[in-house]
Amino acid sequence: MYIYNDFDEQFVRNRVDQFRDQVTRRIDGSLTEDEFKPLRLMNGLYLQLHAYMLRVAVPYGTLNSAQMDKLAYIADRWDRGYGHFTTRQNIQYNWPELRDVPDMLSALADVGMHAIQTSGNTIRNVTADHFAGAAADEIEDPRPTAELLRQWSTDHPEFQFLPRKFKISVTGAKADRAVTRAHDIGLRMVRNDAGDAGYEVIIGGGLGRTPMVGKILRKFLPKSDLLPYCEAIVSVYNLLGRRDNKYKARIKITVHENGLEKIQELVESRFAQIRPEFVGVNPQLLSQIEQSFAAPTYVENATDGYEAARLANPAFRSWTDTNLSDHKADGYAVVSISIKKHGATPGDATSGQMRAMASLARKYGHDELRISHEQNVILPHVHKSDLLAIYAGLRAADLATANIGLISDIIACPGMDYCALATARSIPVAQEIATRFDELKLEHEIGPLKIKISGCINACGHHHVGHIGILGLDRAGVENYQITLGGDGTETTTIGERAGPGFGADDIVPAIERLVLGYLDLRENAAETFLAAFRRLGAKPFIALLYPEKAARNAA
Amino acid sequence: MARALTSKVVTANALLEGDAIWFTQTNEWTRDIAQAELITDEAHGDIRLLEAMADQSVVAGVYLADAKAGPNGPEPVHFRETFRTRGPSNYAHGKQEA
């Protein structure tokens, strides 16, 4: 993986020193909160309902074991012994004290990490496919691209005060696990007719108040043009994006209001202008970065033991059925570690669990870990002969839940349990749904189903692209939950349709139960997923399940 | 005459720890909403807000929140403010821990 050079190291250290000085000046009263707030946000420090929150970037979701160990150390030393993995592949600490934050940032810098640009109207942490470098369906590893973008966007002098935040996501595979069509810029690696790798450039996607599926701006962009082209897009947006209304400031609105053709014209013209003199792009630099993401040295071992263990141990077999994905190398698998134990908080890992995962990565996983936008942790390179040992290690750390992609593998934002912007809670709803379906012992029968919960309209919980989406709102001083149906965050991105009136906090879990049990009756056979059944039948029968009284009235 | 309003309390987050605090009649900050000053007059509320905001070196994010009189002192009205008096629902962290 990418290791900081002297420049990166010095840059991050300088920023920690600057922030330490800013915190001192805030505490001694030299800086007012109004003056300090933009400075703390530039360094990922929010003030939430009960405490500060520090959001640490995990660039494109990639960590090594030393970094994961350091995250555990920070959780123990300065927080409450846990961390929350987010839908943007970041980690958030919910209880830091202001005085300690510079020390936390300094500890992060020790392992080449930081919290820069995890907030504010800047280019945020670049996200990528969490199976990058491992997935069987990959054209190329997207992480060198993401790292190049990280270097280009970090402290970019022109893009520190954009009209609004700006999110870029990259995938190198055919299956889109990076939700590229719901990003300000989505990059999909493709090959042209000549067989060269490049990007399909998608812009103007986004969730939030006005959800939109991204549109293709350029069908094929050669790899060497990546930086000048992205610079052209962001500079066009920087000038054209609206600053008069925060809710209309994202690039999706700029594209919508001006039309794709006009944006294309402006971007291509700006691109033509800056490309010849663009010094930021350097093929040598990219090739150096690519070398640092070289595939690990795979081992060759027999896998008979693995097959035998699967036959002998039903719990292990169940876990391998749900939590493994195909790897590009023979004898290898991608392991998804569920951070969604039934009834626990989605995405929360204790320091002990972080250390356990780091240790397994060191021993059996070529020292690599990933954070997924679905709030799970991935061991991307595991030889099948080591799976039984990994499973034992995960069980010992209470991390062996076999539910990846199932109904209890729920995305949930922190909601009003932590977030100052939230309008309702998300976490208890996720906990109750997972607990309920675990009691029913039905989740394996239900099969692949993505429930995503947001505690406000900003949609950090990606509810618009959940097969079942839940949006928590404040209706006249009471928590109320709206359901959307049929959303999809993959290469067939679809925004879910609102089902009807919302449900109170006591009614939302029973409503989900009616919906899901009803689906079991509606599906053609066990292979037809919830989403496939929804696409075949349309919303109507599902809405009838949610509102049985209304359906009965209509039938009368 | 100043218009009567929904009663309020002045609240903020403590600068160092970040936890929820409320402004008392004696210009101090308390961790217990029941000790806060319940404000029933809009003009007085505006003045108290300004006075509280002058405490920049110990607090951040000062605002007026709806509150009602309870047997032991002011109580929150909205669920968001209720959560601020106790902490998150997934762990016994925050004020409920004490």
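Each chain has its residues counted from 1, running along the sequence as written. The naming scheme follows written order: chains are lettered A onward, ligands numbered 1 onward. Side-chain atom pairs in this predicted model are given and counted only at pLDDT of 80 or more, local residue features only at pLDDT of at least 70, and totals for whole chains, interfaces and linings cover all residues.

J.: Which parts of the structure should I look at to understand the sheet that holds strand β12 (residues 332-337) of chain A?
T.: Two pairing modes exist for strands in a sheet, parallel and antiparallel, and in both the strands are linked by backbone hydrogen bonds. Residue and element names in this part refer to chain A. Pairing between strands requires that DSSP locate at least two bridges from one strand to the other. What counts as a helix is a DSSP run of H or I of at least four residues, what counts as a strand is a run of E of at least two, and both are numbered from the N terminus. The five strands lie next to each other as β3-β14-β15-β12-β11, forming an open sheet whose pairing is antiparallel. Both outer strands of the open sheet, β3 (62-64) and β11 (324-326), are each paired with one neighbouring strand and no more. Along the sheet, successive strands turn relative to each other by an average axial angle of 30°, direction set aside. For β12 and strand β15 (residues 377-383), the ladder comprises five bridges, and the chain directions are antiparallel. Note that in β15 the partner of Ile 337 across the bridge is Val 377. Throughout, a pair of residues is in contact if the C-beta atoms placed from their backbones lie within 7 Å. Lines fitted to C-alpha atoms define the axes, with helix axes restricted to the stretch in contact, and inter-axis angles between N-to-C directions lie between 0 and 180 degrees. Sitting on the sheet, helix α12 (residues 351-364) is in contact with β12, β14 (368-371) and β15, with an inclination near 20° to β15.

J.: Explanation requested: the nonpolar core in the structure shown.
T.: Generally speaking, soluble globular proteins have nonpolar side chains that are buried together. All names here are of chain A. Judged by nonpolar contacts, the single largest core of 167 residues is most densely connected at Leu 54, Val 201, Ile 233, Met 357, Leu 379 and Ile 470. The element that contributes the greatest number of residues to this core is helix α6 (residues 226-240), accounting for nine residues. If near-sequence neighbours (up to four positions away) are discounted, Val 201 is found in contact with Ile 185, Leu 187, Leu 217, Arg 218, Leu 221 and Tyr 229. Think of a nonpolar core as buried Ala, Val, Leu, Ile, Met, Phe, Trp, Tyr and Cys residues chained together by C-beta atoms that fall within 7 Å. Each residue is classed by its C-beta neighbour count within 10 Å, where at least 20 other C-beta atoms makes it buried, 12 or fewer makes it exposed, and intermediate counts make it partly exposed; the C-beta atoms are placed from backbone geometry.

J.: Would you mind going over the interface of chain B and chain A with me for this structure?
T.: By convention, interface size is frequently given as the accessible area that disappears when the constituent parts associate. Opposite the 22 residues of chain B that make contact, chain A presents 23 residues. At the level of elements, β5 (59-70) and α2 (79-86) of chain B are the ones that each hand at least two residues to the side of chain B that touches chain A.

J.: Any chance you could explain the domain arrangement of chain A here in plain terms?
T.: According to the domain assignment, chain A contains domain 1 (6-109), domain 2 (142-291), domain 3 (304-396) and domain 4 (411-555). On a C-alpha basis, the centres of domain 1 of chain A and domain 2 of chain A stand 27 Å from each other. Start and end positions for the domains come from either an automated domain assignment or a database one.

J.: Hey, could you run me through the packing of α12(A) against helix α13 (residues 387-396) of chain A in this one?
T.: Two numbers describe a pair of packed helices, the interaxial angle and the distance between the axes. All names here are of chain A. Orientation of α12 relative to α13, taken along the N-to-C sense of each, is 165°, at an axis distance of 10 Å. Judged on the interaxial angle alone, α13 and α12 are roughly antiparallel. Seen from above, α12 lies across α13 with right-handed handedness. Along its contact with α12, which presents Ala 356, Leu 360 and Tyr 364, the element α13 presents Ala 389, Ile 390 and Gly 393. Under the scheme applied, nonpolar residues are Ala, Val, Leu, Ile, Met, Phe, Trp, Tyr, Cys and Pro; charged residues are Asp, Glu, Lys and Arg; polar residues are all the others, including Gly. Taken together, the residues that form the contact of α12 with α13 break down as five nonpolar, one polar and no charged. Angle categories are assigned with fixed cut-offs, so that under 35 degrees is roughly parallel, over 145 is roughly antiparallel, 65 to 115 is roughly perpendicular, and the rest are oblique. Two helices crossing with the near one rotated counterclockwise from the far one by less than a right angle form a left-handed crossing, whereas a clockwise rotation gives a right-handed crossing.

J.: Please clarify how the sheet that holds strand β4 (residues 82-85) of chain A should be interpreted in this entry.
T.: Residues and elements named next belong to chain A. The antiparallel open sheet is built from five strands, whose spatial order is β1-β2-β5-β4-β13. Each having just a single partner strand, β1 (45-47) and β13 (348-350) make up the two edges of the open sheet. Neighbour to neighbour, the strand axes of the sheet diverge by 30° on average, direction disregarded. Across three bridges, strand β2 (residues 52-56) lies against strand β5 (residues 91-93) in antiparallel orientation. When the bridges of β5 are listed, Arg 55 appears paired with Gln 92.

J.: It is not clear to me how the environment of Tyr82(A) should be interpreted in this structure. Could you clarify?
T.: All names here are of chain A. In this structure, Tyr 82 sits in strand β4. Judged by C-beta crowding, with 21 C-beta atoms within 10 Å, Tyr 82 ranks as buried. When the C-alpha positions of Tyr 82 and Ala 349 are compared, they lie 5.6 Å apart, and in sequence the two are 267 residues distant. Discounting chain neighbours no more than four positions away, the residues touching Tyr 82 are Ala 75, Asp 348, Ala 349, Thr 350 and Ser 351.

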